[in-house]
Amino acid sequence: MFVGHYAAALAAKSAEPRGPLWTYVLACQLVDVAWGGLVMTGAERLSVDHSLPGSALVLEHMPYTHSLPASLAWAVGAALLAKLILRLPWRAAGFIGLAVFSHWIADFLVHRPDLELWFGGQKVGLGLWNYPVPEQALEIGLLALAAAAWAWRRGTLNQSLWPVLAFVSFLLVLQVVGLLIPANPDPVGMGGMAIASYLVVTALAALVERRGRSV
């Protein structure tokens, strides 16, 4: 799952507008940002098998980011940092934590069994990656529902809807590009590209929200 993760960010923004959009956007992909860095160092491992349906990624070892206890720890840590460093209200900080943990839930739906329930324990995943059309429909459907909720919230605040259209359109373009580009078997290249992609989306979220306030 890629853009489907951002549904959690848009849903959080619609539920708690006091949190900056960029914090929710970064939160929903925070574990993958960390995963990219750990893959580059070799602390977590992957390989690529282009014979697989859907995603070609074989995620061999990623306990520090994608195990259930690690995901919970990242979520709690992000919420505390949002409160203590960004001085956000506890409710907004809580939604940031939920956005972080939503990543594990979404991955559970689509990943093949590679998510540890505990460190070194059983691996789970429902494997929707093996069914590319339903998986893509799920991603786009979740994103569309969350975008509609965000648009509704902006409407109740008498704010322009163009940030919703601009941000979601960019995500859809990014999804298409991701589907067309083959997975990079080089861990350093894969990790670096992942981090760069997530930071670009975060920067765009900050930009569209800032510009949206002036409209």
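Refer to the structure above for everything that follows.
This one's a predicted model, so the numbers in the text were calculated from it and none came from an experiment.

Peer 1: I'd love a proper account of a nonpolar patch on the surface, names of residues and values included.
Peer 2: On the surface, Trp22, Val76, Leu80, Leu81, Leu84, Ile85, Leu86 and Trp90 cluster together to form a nonpolar patch covering roughly 810 Å² of accessible area. Considering each element in turn, the nonpolar patch owes the most residues, four residues, to helix α5 (residues 68–84).

Peer 1: Residues and numbers for the packing of aromatic side chains, please.
Peer 2: Applying the stated rule across the entire model yields five aromatic pairs. Geometrically, the ring pair formed by Trp104 and Phe108 is stacked, given 5.8 Å between the ring centres and 5° between the ring planes. One end of the pair is Trp104 and the other is Phe108, both in helix α6 (residues 90–110) and four residues apart, which spans about a single turn. A relative accessible area of 8% places Trp104 in the buried class. The exposure class of Phe108 is partly exposed, given its relative accessible area of 26%.

Peer 1: How would you summarise the environment of Gly189 if you had to cite specific residues and measurements?
Peer 2: Turning to its location among the elements, Gly189 is positioned in helix α9 (residues 187–213). Gly189 sits in the partly exposed class, given a relative accessible area of 21%. Taking the C-alpha atoms as reference points, Gly189 and Gly36, 153 residues apart in sequence, are found 9.3 Å from one another.

Peer 1: Go over the nonpolar core, please, and point to the residues and values.
Peer 2: In terms of nonpolar packing, the biggest core is built from 55 residues, with Tyr6, Leu10, Val25, Trp35 and Phe167 touching the most fellow members. In terms of residues, this core owes the most to one element, α6, which gives nine residues. Setting aside chain neighbours within four positions, we find Val25 in contact with Tyr6, Ala9, Phe167, Val201, Thr202 and Ala205.

Peer 1: I'd like to hear about the packing of helix α7 (residues 132–156) against helix α8 (residues 162–180), residue by residue, with values.
Peer 2: Interhelical geometry of α7 versus α8 gives an angle of 165° and a closest axis separation of 10 Å. Between α7 and α8, the interaxial angle falls into the category roughly antiparallel. For the pair α7 and α8, the sense of crossing is right-handed. Of α8, the residues touching α7 (which contributes Gln136, Glu139, Ile140, Leu143, Ala147, Trp150, Ala151 and Arg154) are Pro163, Val164, Phe167, Val168, Leu171, Leu172, Gln175 and Leu179. Considered class by class, the residues forming the contact of α7 with α8 number twelve nonpolar, two polar and two charged.

Peer 1: Mind laying out the packing of helix α1 (residues 6–15) against α7, listing which residues take part and the relevant values?
Peer 2: Contact geometry for α1 and α7: axes closest at 8 Å, N-to-C directions at 20°. In terms of their interaxial angle, α1 and α7 are classed as roughly parallel. For the crossing formed where α1 meets α7, the hand is left-handed. Across the interface between the two elements, Tyr6, Ala7, Leu10, Ala11, Lys13, Ser14 and Ala15 from α1 touch Leu142, Leu143, Ala146, Ala147, Ala149, Trp150 and Arg153 from α7. Tallied by class, residues from the contact of α1 with α7 come to eleven nonpolar, one polar and two charged.

Peer 1: For helix α3 (residues 30–41), give the residues involved together with the corresponding values.
Peer 2: The end-to-end C-alpha distance of α3, which contains twelve residues, comes to 17 Å, matching closely the 16 Å that a straight helix rising 1.5 Å per residue would cover. Listed as buried for α3 are Leu30, Val31, Asp32, Val33, Ala34, Trp35, Gly36 and Val39. One or two residues past the end of α3 sits Gly42, with phi positive at roughly 90°.

Peer 1: Tell me what's going on with the side chain of Asp107, and back it up with residues and numbers.
Peer 2: With respect to the secondary-structure elements, Asp107 resides in helix α6. Buried charge without a salt bridge: Asp107, with Arg112 as the nearest opposite-charge side chain at an N-O distance of 11 Å. Within the local environment of Asp107, its side chain forms a polar contact with the side chain of His66, the two groups lying 3.3 Å apart. In this structure, Asp107 is in contact with His5, His66 and Leu115, ignoring residues within four places of it in sequence.

Criteria and thresholds
Residues numbered from 1 in each chain as written. Predicted model: local features only at pLDDT ≥ 70, side-chain atom pairs only at ≥ 80, totals over all residues. Heavy atoms only, no water. Patch = residues over 30% accessible without salt bridge, like charges linked within 9 Å, V, L, I, M, F, W, Y side chains within 5 Å. Areas by Shrake-Rupley, 256 points an atom, 1.4 Å probe, with all protein chains shown as cover. Salt bridge = Lys/Arg side-chain N within 4 Å of Asp/Glu carboxyl O. Helix = DSSP H or I, 4+ residues; strand = E, 2+ residues; numbered from the N terminus. Phe/Tyr/Trp six-rings, centres within 6.5 Å; stacked < 30°, edge-to-face > 60°. Buried < 20%, exposed > 50% of the residue type's maximum accessible area, 1.4 Å probe, protein only. Core = buried A, V, L, I, M, F, W, Y, C linked by side-chain atoms within 4.5 Å. Contact = heavy atoms within 4.5 Å. Axes fitted to C-alpha atoms, helices over the stretch in contact; angles between N-to-C directions. Parallel < 35°, antiparallel > 145°, perpendicular 65-115°, else oblique. Left-handed = near helix turned anticlockwise from the far one by under 90°. Nonpolar A, V, L, I, M, F, W, Y, C, P; charged D, E, K, R; others polar. Expected span 1.5 Å × (residues − 1). Lys, Arg positive; Asp, Glu negative; His and termini not counted. Polar contact = N/O pair within 3.5 Å; in protein donor to acceptor, adjacent residues only side chain to side chain.

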